[in-house]
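Here is what each chain is made of, one letter per residue.
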Amino acid sequence: MSPTVAVILALAVGTYAFRLVGPVLHGRVELSARVQELLSAGAVVLLVALLATGALTEGGGFAGWARPAGVLVGGVLAWRRAPFVVVVLGAAGVTAALRLAGVA
Amino acid sequence: MRTAERTPSLTVLPEMVRDASLLWLAGGIVGVSFGAIAVAGGLPVWVPIAMSLLVYAGSAQFSAVGVLLAGGGPLAATATGLLLNTRTAAYSLAVADILGNGRLARLAGAHLVTDETVAFALAQQDPLRRRTAFWVSGLGLFAAWNAGVLIGALAGGALGDTDAYGLDAAFPAVLVALTLPSLREDAGVRRSALLGAAVAVAVTMTPGVPAGVPVLLALAGLVLYRRGAAA
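Residues numbered from 1 in each chain as written. Chains lettered and ligands numbered in written order. Predicted model: local features only at pLDDT ≥ 70, side-chain atom pairs only at ≥ 80, totals over all residues.

> Run through the interface of chain A and chain B, naming residues and quoting values.
In this assembly, 57 residues from chain A lie in contact with 75 residues from chain B. Secondary-structure elements contributing two or more residues to the side of chain A that touches chain B are helix H1 (3–25), helix H2 (33–56), helix H3 (66–79) and helix H4 (84–100) of chain A. Counting residues per element, the side of chain A that touches chain B draws most heavily on H2 of chain A, at 19 residues. Here the residues of the side of chain A that touches chain B are counted per class, giving 38 nonpolar, 16 polar and three charged. (Contact = placed C-beta atoms within 7 Å. Helix = DSSP H or I, 4+ residues; strand = E, 2+ residues; numbered from the N terminus. Nonpolar A, V, L, I, M, F, W, Y, C, P; charged D, E, K, R; others polar.)

See the structure below:
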């Protein structure tokens, strides 16, 4: 087996195993409403951490101004309850426009 | 409340497809860039394609291929990808009751657990809408991602620099839009997420920390969740 095949298989099996944790435990282990709540909160915490690092950093450093500025505009639009499409296209549009204007 | 429980799910379907289609489009374009980067870096065409079908996790795929192309070796590539994907275990616990009751639904649904599908599902109010949102966004994203990777691997860098479209801002914005309802609603979640995000960003900026670790450490923010709920 080539090393590349091994990497793909190991990643595939390992990742699927992570993804099976919930479905396999579901129905077997009775989770209290409190734990279920904590799991939902945990998922939101992970997602927000992901969006924060994704918006602000690139390769362990600051991502530059264009990207966080776009995400910030998206955030303001979302806060004002703009439609999802407007939020996402607004964020991408502002970042693209800033880059076009020479802001990294 | 409503007698016909299925009606709301059907009426929200167009709305969900409309919102999710943007996600599919963005996923497809990122997929194109993944396929193009992998092949341009010297990997055979089948590598990004097989990886996308079997691993199906964008950030882990980019990192693993990045490590491979940088000559980091198969062990480091695998470890980096797996570390990044540990968060899917937490996600799968959060959406376990959303996937469905059948064995097949759970086995197939598990493979579709990604940042975006979980965010999409958890942004919905009732269980039926959550399930619909998960499957609609998940199946479409799987198709779009793999189609994108296929095109990218075959066509190469025809798309040019995707940063010029601001695509790198689109994904954080998607997550902002999808997590905002929970953040608005629950002060405990809000505090936890703020602390968690601060921890993750600080650790990401720290040299020598492996990819995947910062986001996991964000779970430490949940200490504020307990306190918030007790208050």
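On we go.
> Tell me about the environment of Leu-150 of chain B, residues and numbers included.
Residue and element names in this part refer to chain B. By the element assignment, Leu-150 lies in helix H9 (residues 127–155). Distance in space between the C-alpha atoms of Leu-150 and Ala-198 is 37 Å, their sequence separation being 48 residues. Among all residues touching Leu-150, those that are not within four sequence positions of it are Gly-35 and Ile-49.

> Explain the domain arrangement of chain B to me, and be specific about the residues and the numbers.
Residues and elements named next belong to chain B. Taken domain by domain, chain B comprises domain 1 (6–185) and domain 2 (186–231). Measuring from the centre of the C-alpha atoms in domain 1 to the corresponding centre in domain 2 gives 22 Å. Each partner contributes residues to the interface: domain 1 has nine residues there, and domain 2 has 10 residues. Of all elements in the fold, only helix H5 (74–85) and helix H10 (167–185) reach the threshold of two or more residues within the side of domain 1 that touches domain 2. Among the residues making up the side of domain 1 that touches domain 2, the classes are represented as three nonpolar, four polar and two charged. (Domains from an automatic or database assignment.)

> Run through the environment of Ala-20 of chain B, naming residues and quoting values.
All names here are of chain B. By the element assignment, Ala-20 lies in helix H2 (residues 13–40). For the pair formed by Ala-20 and Ala-218, sequence separation is 198 residues and the distance between their alpha carbons is 27 Å. Apart from residues no more than four positions distant in its own chain, Ala-20 is found in contact with Phe-120, Val-136, Ser-137 and Gly-140.

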